[in-house]
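Residues per chain are reported as follows:
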Amino acid sequence: MFYFKAIQTGSVSRVAPIDKLSVVITILLAFIFLHEQPSFKVIVGALLVASGSILMILD
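Draft legend 1. Here's a closer look at the overall build of the chain. Secondary structure assignment for the chain yields three helices and zero strands. Helices and strands in the chain line up, N terminus first, as α-α-α. The C-alpha radius of gyration of the chain comes to 13 Å, more than 25% above the 10 Å expected for a compact globule of 59 residues. Taken along its principal axes, the extent of the C-alpha atoms in the chain is 40 × 25 × 10 Å. Accessible surface computed for the chain: about 4,900 Å², of which carbon and sulfur atoms make up 75%.

Draft legend 2. Focus on the environment of Ser-22. Within the secondary structure, Ser-22 sits in helix α2 (residues 12–33). The class of Ser-22 is partly exposed, set by a relative accessible area of 34%. Taking C-alpha positions, Ser-22 is 9.5 Å from Ala-50, a pair spaced 28 residues apart along the chain. There is a polar contact of 2.7 Å between the side chain of Ser-22 and the backbone oxygen of Asp-19.

Draft legend 3. Layout of the packing of α2 against helix α3 (residues 40–58). Two numbers describe how α2 lies on α3: the axes approach to 9 Å, and their chain directions differ by 155°. With respect to their mutual orientation, α2 and α3 come out roughly antiparallel. Handedness of the crossing formed by α2 with α3: left-handed. Across the interface between the two elements, Ser-13, Arg-14, Pro-17, Ile-18, Lys-20, Leu-21, Val-24, Ile-27 and Phe-31 of α2 pack against Val-42, Ala-46, Val-49, Ala-50, Ser-53, Met-56, Ile-57 and Leu-58 of α3.

Parameters and conventions
- Residues numbered from 1 in each chain as written.
- Predicted model: local features only at pLDDT ≥ 70, side-chain atom pairs only at ≥ 80, totals over all residues.
- Heavy atoms only, no water.
- Helix = DSSP H or I, 4+ residues; strand = E, 2+ residues; numbered from the N terminus.
- Rg over C-alpha atoms; globule rule 2.2 N^0.38 Å.
- Areas by Shrake-Rupley, 256 points an atom, 1.4 Å probe, with all protein chains shown as cover.
- Buried < 20%, exposed > 50% of the residue type's maximum accessible area, 1.4 Å probe, protein only.
- Polar contact = N/O pair within 3.5 Å; in protein donor to acceptor, adjacent residues only side chain to side chain.
- Axes fitted to C-alpha atoms, helices over the stretch in contact; angles between N-to-C directions.
- Parallel < 35°, antiparallel > 145°, perpendicular 65-115°, else oblique.
- Left-handed = near helix turned anticlockwise from the far one by under 90°.
- Contact = heavy atoms within 4.5 Å.

Right, dumping it as structure tokens:
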């Protein structure tokens, strides 16, 4: 619901990358609170998603 409100009030090119960072936040919270073991693929994937989102925000 907040996502659609943000799209209505702001630019989609700014809102969508911030929404994609929720995947990275979920991975971090799983490591911290659920004590999941990070695999190399998960860490690389999270870094790629985060760097792509940051690049889209800065553009």
